[in-house]
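Residue strings, one per chain:
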Amino acid sequence: MEQDKNRQPSANAPKVNPYMGFFWGILIVLLLNGLIFPNIAKQQIKDTDYVTFIEKVDSGKVKEVAIENGHIYFSTEEGGKTITYQTGATNDPRLVDRLLSADSPNASHKIALNQIVPQENSPILNFFLLWVLPGLIFFLLWRQAGKSLQARMGAGGNFLSFGNSGAKIYAESDIKTSFADVAGQDEAKETLTEIVDFLHNPTKYTEIGASLPKGALLVGPPGTGKTLIARAVAGEAKVPFFAISGSEFVQMFVGMGAAKVRDLFKQANEKAPCIIFIDEIAAIGKRRDTAMGNDEREQTLNQLLTEMDGFDGRKGVVILAATNRPESLDKALLRPGRFDRRVQMELPDLEGRKAILAVHLKKVKHETIDMDIVARATAGSSGAELANIVNEAALRAVRLGRKTVTTSDLEESVETVLAGAQKKNAVLSDTEKKLVAYHEIGHALVAAMQTHSAPGPKITIIPRTSGALGYTMQVESGERFLLDKEELFNRVVTLTGGRSAEEVVFGTVTTGASNDIEQATKLARAMVTRYGMSERYDMMGLETVNNAYLGGDSSLTCSSETASDIDREVLNVIKEAHEKAKSIIAGHMDIMRQAASYLIEKETITGDEFMKIVRKHEKD
Ligand code: ADP
Ligand code: MG
Ligand code: ZN
């Protein structure tokens, strides 16, 4: 597996010394100084005029003269000090004679004549100083910058080639992770099994002309096993796995991320069938409507969209992406032909937690563990936290000098791991759990008593990502297009069932019914204003729906007097429904109690299990 050593190339990229730049900077300044002002000594030079110069020559004070580049530099000895002057060179033909005569053997002193001809370096030296040396310096600087860029890009690519990202994305093959390593999450597995089958056997699908979804989006809270299940899909399908994190696409230069996407798809096409997995896709897939755009991110996202549209869906490249913020994703990503499948990963319920603990306990030596105790103590925690708990327990066992993990190790580590997490995650307290359980059973019971059938496939009291504390899946048996007045009214009754249970059982009301209230009101209102189901308004249309495709808000088409009358009518419907729900619940308290305690215990109850309880009591 070349994979692992290659995926972190920045680790063995050359180390960049931050002082290097400083060093080169100083060197350049020194060299430029040397090149442009090579002959100015760093001592003080006084300006003077030509006449003064001649006077000083004649008076014998001048000791040394240098003429170059239209300047005369000379030094005198006055009062024991050497002073250097400069003056402009005039075109004085007698100057040299004068200086030489002052230099004659019978003169009182000699003047040293330096370089009367303007200084010229040898052409070879000039060429070296002016061209070769700066060239060399810039070459070195360039290389240095290039190296540091490469280190930051985290890839062994070539700095100069902007055409491709240069970042090789290595496919992992031979992945050992399988669905067995992912405990629970049965619904997610079911959806992904189809993709596995497709990758195994693409011809079966292509023969018939079908092309499978190109992409599936794994959605769920952190630590629920999104990354894990993506690997498991590759492991099950036995295909190469290209894994990359969304943030790895976001590069320093605009265009680099897009190039990386192009490269990725090119490589994937060569290896098809295979899986591309983009973890934390929100890093590039965020909605593009923010005022402060990020060019690099947008270009990368556009490239991704283009590639997803461009590649042949029958070739067997499947793209999985994971996020815990699906609502922040760009709508364009979610449209059909891109990530049109959504795989929901939820926090595990009691059974799920037991299964996850079992998976992770396989990796450590342990005595017989009372899973029930541990699973019960960890309501609301994620798979990652459970994995952590098992590991902490093993560490504790080692600390205490034992060779195996015991139940008490696990119980202890639950506290260390969850003490912080409890507050972060919505872990229900026991009273809350009881309230939520009765609320949900209230919905279920009212639904069941009215239709004489299962209220839905599943009721859970696991806190949801959406913020709902409990959940009664209300799936109608079969698609329904026409509903009669009684059915609609019964739905309103069912919606009020949760709150009614709180009132009947606990004599209290909570904030938990806000969503029920909203839905019940909408439904009752529609009955009055749009479906013509009130005695009072008969078939008069009182409302029109504006945007059926965008949320479907509606506006009244009647006078304001009628509007307040409508409110009264709606209120009557709801009140009637509420009363009905309360009387149903009060009449079946035995079922309520039994079903609720089952739910509190197991955290999930299926529709069939619920109906068993109902039927048992109805027989009595
Ligand atoms: P996510 O990507 O959803 O944040 P990860 O897939 O990275 O979560 O999960 C982190 C770790 O938690 C996994 O490596 C695994 O050990 C553990 N884990 C999470 N969910 C499960 C699960 N359903 N079954 C077994 N282990 C799990
Ligand atoms: Mg992850
Ligand atoms: Zn409710």
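The following refers to the structure shown. For clarity, every value in this text was computed on a predicted model and none was experimentally measured.

What counts as what
Residues numbered from 1 in each chain as written. Chains lettered and ligands numbered in written order. Predicted model: local features only at pLDDT ≥ 70, side-chain atom pairs only at ≥ 80, totals over all residues. Heavy atoms only, no water. Donors = N, O, S within 2.8 Å, 3.2 Å for Na, K, Ca; no water. Helix = DSSP H or I, 4+ residues; strand = E, 2+ residues; numbered from the N terminus. Buried < 20%, exposed > 50% of the residue type's maximum accessible area, 1.4 Å probe, protein only. Core = buried A, V, L, I, M, F, W, Y, C linked by side-chain atoms within 4.5 Å. Contact = heavy atoms within 4.5 Å. Axes fitted to C-alpha atoms, helices over the stretch in contact; angles between N-to-C directions. Parallel < 35°, antiparallel > 145°, perpendicular 65-115°, else oblique. Left-handed = near helix turned anticlockwise from the far one by under 90°. Nonpolar A, V, L, I, M, F, W, Y, C, P; charged D, E, K, R; others polar. Pairing = 2+ DSSP bridges. Expected span 1.5 Å × (residues − 1). Phe/Tyr/Trp six-rings, centres within 6.5 Å; stacked < 30°, edge-to-face > 60°. Near = heavy atom within 4 Å. Polar contact = N/O pair within 3.5 Å; in protein donor to acceptor, adjacent residues only side chain to side chain.

As for the coordination of the zinc ion (ligand 3)
For the zinc ion (ligand 3), the protein coordination sphere consists of His439 (NE2), His443 (NE2) and Asp516 (OD), at 2.0 Å. Read from N- to C-terminus, the donor residues coordinating the zinc ion (ligand 3) fall into the pattern H-x3-H-x72-D. With a gap of 73 residues between them, His443 in helix α18 (residues 430–451) and Asp516 in helix α20 (residues 514–529) connect regions that are remote in the sequence. By relative accessible area, which is 12% here, Asp516 ends up buried.

A few points about the nonpolar core
In this structure, Ile441, Leu445, Ile585, Met592, Leu599 and Phe610 are the most contacted members of the largest nonpolar core, which totals 43 residues. Secondary-structure elements contributing two or more residues to this core are α18, α19 (485–506), α20, α21 (560–587), α22 (589–602) and α23 (607–619). Per-element tally for this core: the top contributor is α18, with 9 residues. Other than its neighbours up to four places away in sequence, Phe610 contacts Ile441, Ala444, Leu445, Ala448, Pro455, Ala595 and Ile605. Within the second largest apolar cluster, 29 residues are counted, among which are Phe179, Leu192, Val196 and Leu199.

A word on the packing of α18 against α22
Two numbers describe how α18 lies on α22: the axes approach to 9 Å, and their chain directions differ by 130 degrees. In terms of orientation, α18 and α22 fall into the oblique class. Judged by the twist between their axes, the crossing of α18 over α22 is right-handed. Residues Lys433, Lys434, Ala437, Tyr438, Glu440, Ile441, Gly442, Leu445 and Met449 of α18 touch α22, and the partners they reach there are Ile591, Met592, Arg593, Ala595, Ala596, Leu599 and Ile600. Residues of the contact of α18 with α22, tallied by class, amount to 11 nonpolar, 1 polar and 4 charged.

Looking at the pairing of strand β2 (residues 62–68)
Among the 7 residues in β2, 5 count as buried, and that is most of the element. As paired elements, β2 and strand β3 (residues 71–78) share 6 bridges and run antiparallel to each other. By the bridge assignment for β3, Glu64 is matched with Ser75. Taken together, β2 and the strand that follows it, β3, pair antiparallel across an intervening segment of 2 residues, in which Asn69 is found at a positive phi of about 50 degrees.

Remarks on helix α12 (residues 295–310)
Helix length check: α12, at 16 residues, gives a terminal C-alpha distance of 22 Å against a target of 22 Å (1.5 Å per residue), a fit within 8%. Looking at α12, one finds that the buried residues are Glu296, Arg297, Thr300, Leu301, Gln303, Leu304, Leu305, Glu307 and Met308.

Points about the packing of aromatic side chains
Applying the stated criterion to the full structure yields 6 aromatic pairs. An angle of 50 degrees between the planes, with centres 5.8 Å apart, marks the rings of Tyr50 and Phe53 as tilted. Here Phe53 and Tyr50 lie together in helix α3 (residues 50–58), a separation of 3 residues that amounts to about one turn. Here Tyr50 matches Phe53 in class, with each residue buried. Their ring planes at 15 degrees and their centres at 5.9 Å tell us that Phe241 and Phe277 sit as a pair that is stacked. Of this pair, Phe241 sits in strand β8 (residues 241–245) while Phe277 sits in strand β9 (residues 274–279); the two residues are 36 residues apart in sequence, bridging distant segments of the chain. Of the residues examined, Phe241 reaches a relative accessible area of 1% and is grouped as buried.

Quick word on the site of ligand 1
As a matter of local geometry, ligand 1 sits amid 15 residues, with Ala183, Gly223, Lys226, Thr227 and His360 nearest to it. Take Gly225: an N or O atom from its main chain is 3.1 Å from an oxygen atom of ligand 1. Between ligand 1 and Ala384, the relevant distance is 3.3 Å, taken from an oxygen atom to a main-chain nitrogen or oxygen of the residue. Counting only elements with at least two residues in the shell around ligand 1, the list comes to α8 (226–237), α14 (350–361) and α16 (383–399). Class assignment of the residues belonging to the shell around ligand 1 gives a composition of 7 nonpolar, 6 polar and 2 charged.

Quick look at the environment of Lys522
Along the polypeptide, Lys522 turns up in helix α20. The spatial distance from the C-alpha of Lys522 to the C-alpha of Val492 is 9.4 Å, given a sequence separation of 30 residues.

Notes on the sheet that holds strand β10 (residues 317–323)
Reading across the sheet, the 6 strands line up as β6-β8-β9-β10-β7-β11 and stay open at both edges, with mixed pairing between neighbours. Each end of this open sheet is capped by a strand with a single partner; those strands are β6 (171–172) and β11 (341–344). In this structure, strand β7 (residues 215–219) lies alongside β10, joined through 5 bridges in parallel fashion. Bridging across to β10, Leu218 finds its partner in Ala322. Sheet strands in contact with helix α6 (residues 186–200) are β7, β9, β10 and β11, and its direction is about 135 degrees off that of β11.

Any functional reading would require information that these geometric values do not contain.
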